[in-house]
Amino acid sequence: MRWVDSITKEEWEKIDQVIGKYKGSHGALIPVLKEVQDICGYLPKKVQHRIADGLNLSSSQVYGVVSFYAFFTIVPRGKYIIRVCLGTACYVKGSKQILDTLQRELNVEVGGITKDRKFSLEAVRCLGACGLAPVMVVGHDTHGMLDPGKAIEIVRFYPSMETVMVKSEGDGIVDDR
Amino acid sequence: MSQLTMEEFEKIKEKAYSAITLKEGEFRCMVCAGTGCVSCNSLKVRERLEAELEGRGLSERVKVAITGCNGFCAEGPIMVVQPKGIFYRKLTPEDIPLLIEEHFLKGRPVEKFLYTEPTSKEKIPLMKDIPFFQHQVLWALRNRGVINPENIDESVARDGYGGLSKALTSMTPEEVIQEVKISGLRGRGGAGFPTGLKWEEGRRYPTFPKYVICNGDEGDPGAFMDRSILEADPHAVLEGMIICGYAVDSHQGYIYVRAEYPLAIHRLRIAIDQARSYGLLRKNIMGSGFDFDIHIYPGAGAFVCGESTALMYSLEGRRGMPRIKPPRSTEAGLWGQPTVLNNVETFANVPAIIRNGGGWFASTGTGGSKGTKVFALTGTVYNVGLIEVPMGTTLRRIVFDIGGGIPEKGEFKAIQIGGPSGACLPASLLDTEVDFDSLDEAGAMMGSGGLVVMNDSTCMVDTARFFTDFSVDESCGKCVPCRVGMKVMLNILNRIVTGQGTMEDIPQLEELGRHVKESSHCGLGKTAPNPVLSTIRYFREEYEAHIQEGRCPARVCVDLIQFRVDSERCKMCGLCKKICPVEAIAWEKKAPAMIDRDKCIRCRSCIQACKFKAID
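Residues numbered from 1 in each chain as written. Chains lettered and ligands numbered in written order. Predicted model: local features only at pLDDT ≥ 70, side-chain atom pairs only at ≥ 80, totals over all residues.

Overview of the overall build of chain A
Next, step 1: Within chain A, the secondary structure is distributed over 8 helices and 4 strands.
Next, step 2: Starting at the N terminus, the α and β elements of chain A follow one another as α-α-α-α-β-α-α-β-β-β-α-α.
Next, step 3: Within chain A, buried positions represent 42% of all 177 residues.
Next, step 4: Across chain A, contacts joining residues at least 24 apart in sequence account for 64% of those joining residues at least 6 apart. (Helix = DSSP H or I, 4+ residues; strand = E, 2+ residues; numbered from the N terminus. Buried ≥ 20, exposed ≤ 12 C-beta atoms within 10 Å, placed from the backbone. Contact = placed C-beta atoms within 7 Å.)

Concerning the overall build of chain B
Next, step 1: If you tally the helices and strands in chain B, you get 24 helices and 17 strands.
Next, step 2: In terms of C-alpha radius of gyration, chain B reaches 26 Å, essentially the compact-globule figure of 25 Å for 616 residues.
Next, step 3: Structurally, chain B occupies a C-alpha span of about 80 × 65 × 40 Å along its principal axes.
Next, step 4: When burial is assessed residue by residue, chain B has 55% of its 616 residues classed as buried.
Next, step 5: Summarising the internal contacts of chain B: among those between residues at least 6 apart in sequence, 72% fall at separations of at least 24. (Rg over C-alpha atoms; globule rule 2.2 N^0.38 Å.)

Regarding the interface of chain B and chain A
One frequent convention defines the size of an interface as the accessible area lost when the parts assemble.
Next, step 1: Chain B puts 45 residues into the contact, and the matching count from chain A is 38 residues.
Next, step 2: Mapped by element, the contributors of at least two residues to the side of chain B that touches chain A are α2 (35-38), β11 (372-379), β15 (450-455), α18 (460-474) and α24 (605-609) of chain B.
Next, step 3: For the side of chain B that touches chain A, the per-class residue count stands at 20 nonpolar, 19 polar and 6 charged. (Nonpolar A, V, L, I, M, F, W, Y, C, P; charged D, E, K, R; others polar.)

Thoughts on the domain arrangement of chain B
Next, step 1: What the domain assignment reports for chain B is domain 1 (21-134), domain 2 (152-362), domain 3 (372-455), domain 4 (460-548) and domain 5 (563-616).
Next, step 2: Taking only C-alpha atoms into account, the centre of domain 1 of chain B sits 41 Å from that of domain 5 of chain B. (Domains from an automatic or database assignment.)

With respect to the pairing of β11(B)
Residue and element names in this part refer to chain B.
Next, step 1: When you tally the buried positions in β11, you get 8 out of 8 residues, the bulk of the element.
Next, step 2: Residues T372, V374, A376 and T378 line one face of β11 and the alternating positions K373, F375, L377 and G379 line the opposite face, and both faces are buried.
Next, step 3: Looking at chain direction, β11 and strand β12 (residues 385-390) are connected through 6 bridges and run antiparallel. In the strand pairing of β12, L377 is matched with G385.
Next, step 4: Hairpin connection of β11 to β12: 5 residues between the antiparallel strands.
Next, step 5: Pairing geometry for β11 and β15, over 4 bridges, is parallel. Within the sheet, the bridge partner assigned to G379 lies in β15 and is V453. (Pairing = 2+ DSSP bridges.)

Description of helix α12 (residues 262-277) of chain B
Residue and element names in this part refer to chain B.
Next, step 1: The terminal C-alpha atoms of α12 lie 23 Å apart, and with 16 residues this matches the ideal 22 Å at 1.5 Å per residue to within 8%.
Next, step 2: Within α12, burial applies to A264, I265, R267, L268, A271, I272, Q274 and A275.
Next, step 3: Buried residues in α12 make contact with α6 (152-157), α10 (225-232), α11 (234-248), β8 (252-257) and β9 (293-298).
Next, step 4: The first or second residue beyond α12 is G279, which carries a positive phi of 70°. (Expected span 1.5 Å × (residues − 1).)

What about the sheet that holds strand β3 (residues 136-138) of chain A?
Residue and element names in this part refer to chain A.
Next, step 1: Pairing in this open sheet of 4 strands is mixed, and the strands run β2-β1-β3-β4 from one edge to the other. Sheet topology places β2 (119-124) and β4 (141-143) at the edges, where each strand pairs with a single neighbour. Strand-to-strand twist of the sheet, defined as the mean angle between neighbouring strand axes without regard to direction, takes the value 20°.
Next, step 2: Here strand β1 (residues 80-85) runs beside β2; their pairing, made up of 6 bridges, is parallel. Within β2, the position partnered with I81 by the bridge is S120.
Next, step 3: Along the sheet face, helix α6 (residues 95-106) touches β1, β2 and β3 and points at about 150° away from the line of β1. (Axes fitted to C-alpha atoms, helices over the stretch in contact; angles between N-to-C directions.)

A word on the sheet that holds strand β14 (residues 423-426) of chain B
Sheet strands line up and pair through hydrogen bonds in the backbone, either parallel or antiparallel.
Residues and elements named next belong to chain B.
Next, step 1: Strand order in the open sheet formed by 5 strands is β12-β11-β15-β13-β14, and the pairing between neighbours is mixed. What marks the edges here is a single partner per strand, and that holds for β12 and β14. Here the average twist between neighbouring strands, direction ignored, is 30°.

Let's talk about the confidence of the model for chain B
Next, step 1: Of all residues in chain B, 100% have pLDDT values of 70 or greater, and the mean over the chain is 92.
Next, step 2: Scoring of the predicted complex yields 0.90 for pTM and 0.84 for ipTM. (pLDDT = per-residue confidence, 0-100.)

Notes on unusual backbone geometry
All names here are of chain B.
Next, step 1: That bond from Q82 to P83 is cis: its omega, 10°, falls within 30 degrees of zero.
Next, step 2: Examined against the element boundaries, P83 turns out to sit in the loop between β3 (79-82) and β4 (86-88).
Next, step 3: Cis geometry is adopted by the peptide bond preceding P209, which originates at F208 and carries an omega value of -5°.
Next, step 4: Note on placement: P209 falls in the loop between α9 (195-204) and β7 (211-216).

As for α10(B)
Next, step 1: With 8 of 8 residues buried, α10(B) is to be regarded as a mostly interior element.
Next, step 2: Every buried residue of α10(B) is listed here: B:M225, B:D226, B:R227, B:S228, B:I229, B:L230, B:E231 and B:A232.

Details of the packing of α18(B) against helix α22 (residues 530-548) of chain B
All names here are of chain B.
Next, step 1: Close contact between α18 and α22 brings their axes to 8 Å; oriented N to C, the two are set at 135°. The orientation of α18 with respect to α22, classified from their angle, is oblique. Every pair of crossing elements has a handedness; the one defined by α18 and α22 is left-handed. Between α18 and α22, the contacting residues are M460, V461, T463, A464, F467 and T468 on the first element and P531, V532, T535, F539, E542, Y543 and H546 on the second.
Next, step 2: Here the contact of α18 with α22 is built from residues that sort into 8 nonpolar, 4 polar and 1 charged. (Parallel < 35°, antiparallel > 145°, perpendicular 65-115°, else oblique. Left-handed = near helix turned anticlockwise from the far one by under 90°.)

Some points on the environment of B:G306
Next, step 1: Examined against the element boundaries, B:G306 turns out to sit in the loop between β9 and α13 (308-315).
Next, step 2: Other than its neighbours up to four places away in sequence, B:G306 contacts B:G189, B:N215, B:D217, B:G219 and B:L311.

Some remarks on the confidence of the model for chain A
Next, step 1: Considering every residue of chain A, the mean pLDDT works out to 83; 87% of them sit at 70 or more.
Next, step 2: A low-confidence stretch, residues 163-177 of chain A (pLDDT under 50), is modelled with 22 contacts involving residues beyond four sequence positions or located in other chains.

A few points about the nonpolar core
Next, step 1: Core analysis: the biggest nonpolar cluster contains 227 residues, and A:L33, A:M136, B:M79, B:V237, B:I243, B:C244 and B:L425 have the highest contact counts within it.
Next, step 2: For this core, the element with the highest residue contribution is α11(B), accounting for 10 residues.
Next, step 3: Residues contacting B:I243, with those up to four places away along its chain left out, are B:G163, B:L164, B:A167, B:V176, B:V350, B:P351 and B:I354.
Next, step 4: In this structure, B:V565, B:W587, B:I595 and B:I615 belong to the second largest nonpolar core, which totals 14 residues. (Core = buried A, V, L, I, M, F, W, Y, C linked by C-beta atoms within 7 Å.)

Let's talk about the environment of B:G449
Next, step 1: Secondary-structure assignment places B:G449 in the loop between α17 (436-441) and β15.
Next, step 2: When the C-alpha atoms of B:G449 and B:V582 are compared, they prove to be 39 Å apart, with 133 residues separating the residues in sequence.

Quick look at the environment of A:L29
Next, step 1: One can find A:L29 in helix α2 (residues 29-40).
Next, step 2: Judged by local crowding, A:L29 falls into the buried class, with 20 C-beta atoms found within 10 Å.
Next, step 3: In the structure, A:L29 is positioned 26 residues away from A:L55 in sequence and 7.6 Å away in space, judged by C-alpha atoms.
Next, step 4: Apart from residues lying up to four places away in sequence, A:L29 is in contact with A:L55, A:L57, A:V62, A:V65 and B:G317.

Observations regarding the packing of helix α1 (residues 9-22) of chain A against α2(A)
Residue and element names in this part refer to chain A.
Next, step 1: As a packed pair, α1 and α2 sit with axes 10 Å apart at the nearest point and diverge in direction by 165°. Our classification of the angle between α1 and α2 gives roughly antiparallel. Taken as a pair, α1 and α2 cross one another with a handedness that is right-handed. In contact with E11, K14, I15, V18, I19 and Y22 of α1, α2 contributes P31, V32, E35, V36, I39 and C40.
Next, step 2: Among the residues making up the contact of α1 with α2, the classes are represented as 9 nonpolar, no polar and 3 charged.

Right, here's the structure in full:
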């Protein structure tokens, strides 16, 4: 997770290693993009150029793939990624209102990042946790059975819990029932 | 173990079988570790359970195992205690000491953790007696909640890889294909193409190498069948793929699975490693001389990649855009080579067909649709979860017997079947049988199996708009009807839900929808107008209410809601004030509530909270 727009020297080295690993193999582009995005958090233009050169593809081919798939992002992401599920089950149970409320609360558009770079707000299609609808995921934590009030409470809670959250990242699952 | 002969395989099976068979006085706690239960803490429940059992010296007598998705996701975290099959639900780690004390020491089920039937309030201890499970027939999901998906031995003990061993030892590839043809199995991904025919075609082309692909790119919102199968019984899918490889003479398989399903990918990786270590993959499988290997390919998130040719482009590292057929994929698919692609559920059905024969499979179902179908039942029903029913079961049975009906005072309004390619069917069509052909007739589609139940607080126009928005978002942009046509339909729907629609909009939507259906290039475009067309067909009056009266009957479309309290209907209970996240509601005891419209953010929390429908 990062919010500085520049790529560090070590990151460039790691990127080159990934390219080297896949060079010459069939259908390498998507796995390379995935691994590189894991390294930098997003795929800025200069990184896309580097991948294109490394895999002997045109930059337009790389950009074509990056812009096609929802998994890839060309803008940096916030410290916590909020993903509100807009799958049918969640939508029927009011997840649109949760998304609207969060946009207002955080003053950010869907797909955008807050001014303090703490949160990215994303809408996703079905997280497959329909039994807990409506659902949102903040960082690695799944929150189910939400309403707009609860959603606001949850996002307000995160910045105040910075130190604790770092510790629990990865296994912190919060049930809001 | 590097290689496994048939005899060694039989020995492993015997040993594994006795390992999962409980002796007198032993118990086995099956803790659900599907995505739903994990996100309500089931792994912490297991940890606590193991620790407490250990602490009390019970761990010899009471074993703990994790299972894949049990199916009854709404009741998670779930634990089933064998041998009897006592069903515990909504457990927390703090409940465990009491549960152990009562169940394992005093020998009586703990009533407060048992399932309660929502209407009769009766406690039902045994899983098999719960209506949700009673009407199901588990074929594709036969191992769910019974085996630990991360242990191949448990799968083998329950006949896992038995179909493969039969195919490799006593059947020719042609006989395998013939058996699948007799079974009448049709593709479970949505289109329903006969699987046997596809395999036959795949075998016919003498170009090598050939590929087998398992499509696990389950993009339908509100559907999680494939995820649950992969999480609960990954070996069934692998076995189906290997059998397919044998039948069509392919030696390489790929599983394309959504990156949003990390647990499914994790379990698949474990399953593939274990199958390889038993010699059930790679070279000379079971000493038969047949080679086959499988690789996992996590998708990158694009609904259109569920279309087979698009999926293959994606596997090749390109934009996933469907191409013109013919040639079919069975002739020229991945890297231009013959490729047989089937859905997760289709492959999961294959081992049992080979073991029991095609005739056994064909004995269940309707004329054109054989066997069973897995559905993800969600929305406003009591029992949300994953179900498997014989083809030909009516929607009514699914919603009211298995789903337990509509909660609270809500009334059934529609059932959405088939996701963004499907339709919303009204109460009058509840006796429709689920089979490929009768759903087609109703203007719906089997789809991959998402079933979303909607009550009277769901707006049909808004639902159509939701799916159209989805299709616009996910259209790959290759052909004009889908790219532009759907966008124009979305614009019209946006006008209607904001109160700017005209009566000409309805026939225009119908006409556009027909054109998009007829002239689009791939399955996505050909079915994308279904949600709009079906809601106009069955819920036209709602469109008219939006346009002519500027009113949203379900009070969903915020531009058509006044956010005003009707003081006659208001019972002065104050619930709306309590739920309002921005304190825009003024209320005092014995006085009707008042909404401050400057503060109100139109989130509809109050409307949902109000039991008296007093907010317009």
